[in-house]
Amino acid sequence: MRILLVDDNNTNLKLLTKLVAKLDQCEAVPFAGPDAVLSALPDLDFDVAIIDYQMPVYNGVELYTEIVRFEKYANVPVIFITADTDMTTRMAALNAGAIDFLTKPVNPVEFQARVQNIVSLSRARKQLADQAEWLRREVDRAVTELRQREQEIIHRLTLAAEYKDPHTSRHTARVAAYSEAIAVELGLPQEMCNDIRLAAPMHDVGKAAMPDTLLLKQGRLTEAEYRQMQAHAQIGGSILAQSQSSLLQLASEIAVSHHERWDGQGYPNRLAGDAIPLAGRIVCIADNFDALTTERPYKSAWSFDRTVEHIRGRAGSQFDPECVAAFERALPKIYEIMQQDREEQALSAVASASGF
């Protein structure tokens with residue numbers, strides 16, 4: 001344990017240094033005045049401070065007040081040495097944070113007993129702090145591992161949903177990236193933005209329950225087929241519901257609500273306005289944007305500008321106006337994501353054609 005000693009009297013400082021040397025596993029850090037101590041801060045390391053009260057320029061309380069301006073010293077025990085028995089002096093020291101007093105002239109036996117007690121207290125406090133830090137790290141590690149398992153579960157479920165249609169994998173990845181960009185522009189906390197990005201790929205997980213004749217049909221769906229396809233939202237929510245994982249709960253919320261409309265004319269529950277979960281409102285825009293800007297068996301891809309105008313024109317009817325405004329602010333990022341994905345697809349096509 002390092003013990004800071006501050007006394008402007010050289011004889012007293014030498015005595016205190018010798019007394020500290022007799023303490024078990026203790027090292028003296030002597031200073032002959034306040035100025036030298038202040039010059040050494042905040043690089044000075046010590047576990048206990050023993051400070052003379054009556055010194056020039058700064059008295060002991062004033063010096064300690066300057067020391068504890070640095071957070072690293074806030075919980076360091078301090079003992080004041082004083083020849084003054086006046087209660088006002090002692091109260092000033094206590095108010096500054098003194099844990100004990102030594103009276104001049106210092107009695108070596110009393111010094112050993114009092115300081116050893118403070119050193120033992122400081123050691124115990126440090127051990128508790130170390131244990132608390134260890135426990136915090138262990139909790140963080142366990143939470144991180146749990147989060148990674150949750151992410152893997154979502155990834156595996158997404159793979160299962162994409163098994164029938166390999167093009168779906170790029171769609172879910174783009175929707176996730178677009179959704180995060182919109183969430184960021186809405187000013188949501190970073191953790192929530194990350195969660196939406198992780199959960200958004202599960203928005204169509206219910207399509208795994210759709211028959212192949214419906215899911216892989218070339219051309220537009222009939223009215224009856226479209227109604228049958230609408231069931232995927234409720235099914236997706238049910239698949240993910242009742243999970244203890246907050247991430248899967250969010251994915252369930254998105255799956256069941258991403259086809260709801262701001263005006264209440266969506267499905268499956270005809271929710272309207274703020275009754276639609278915010279994550280569902282965000283993914284609704286991202287999903288529609290991607291569906292319109294990509295080619296499908298029954299339609300050509302729309303241009304970027306045409307799609308933006310379409311979404312902007314449906315603010316307040318199909319889409320949440322605030323989410324549309326965030327979507328517009330996110331357009332540079334969304335365009336970048338879209339272009340990067342197209343470049344990756346082009347490179348993949350060249351590689352496949354070359355036999356790589």
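Rules of the game
Residues numbered from 1 in each chain as written. Predicted model: local features only at pLDDT ≥ 70, side-chain atom pairs only at ≥ 80, totals over all residues. Heavy atoms only, no water. Helix = DSSP H or I, 4+ residues; strand = E, 2+ residues; numbered from the N terminus. Rg over C-alpha atoms; globule rule 2.2 N^0.38 Å. Buried < 20%, exposed > 50% of the residue type's maximum accessible area, 1.4 Å probe, protein only. Contact = heavy atoms within 4.5 Å. Areas by Shrake-Rupley, 256 points an atom, 1.4 Å probe, with all protein chains shown as cover. Lys, Arg positive; Asp, Glu negative; His and termini not counted. Charge placed at Lys NZ, Arg CZ, Asp CG, Glu CD. Pairing = 2+ DSSP bridges. Right-handed = clockwise from strand over helix to strand, strands pointing away.

Caption draft 1: Broad picture of the overall build of the protein chain. On a plain count of helices and strands, the protein chain comes out with 14 helices and 5 strands. Against the 2.2 N^0.38 benchmark of 21 Å for 356 residues, the protein chain shows a C-alpha radius of gyration of 34 Å, more extended than a compact globule. For the protein chain, the spread of C-alpha atoms along the three principal axes comes to 100 × 45 × 40 Å. In the protein chain, buried positions account for 42% of the 356 residues. Counting contacts in the protein chain only where the partners sit at least 6 residues apart, residues at least 24 apart contribute 62% of the total. Summed over its atoms, the accessible surface of the protein chain is roughly 19000 Å², and 53% of this surface lies on carbon and sulfur atoms. With 37 positive and 49 negative side-chain charges, the protein chain shows a spacing of 4 Å between the two charge centroids.

Caption draft 2: The environment of aspartate 195, seen in detail. Looking at the secondary structure, you find aspartate 195 in helix α7 (residues 190-199). By relative accessible area, aspartate 195 is classed as buried at 12%. Taking the C-alpha atoms as reference points, aspartate 195 and leucine 250, separated by 55 residues in sequence, lie 7.9 Å from one another. Contact partners of aspartate 195, with chain neighbours within four places excluded, come to Arg147, Leu247 and Leu250.

Caption draft 3: Looking closely at the pairing of strand β2 (residues 27-31). Pairing geometry for strand β1 (residues 2-6) and β2, over 5 bridges, is parallel. Looking across to β2, one finds that leucine 4 is bridged to valine 29. Of the crossover connections in this fold, the one passing from β1 over helix α1 (residues 10-21) to the parallel β2 is right-handed.

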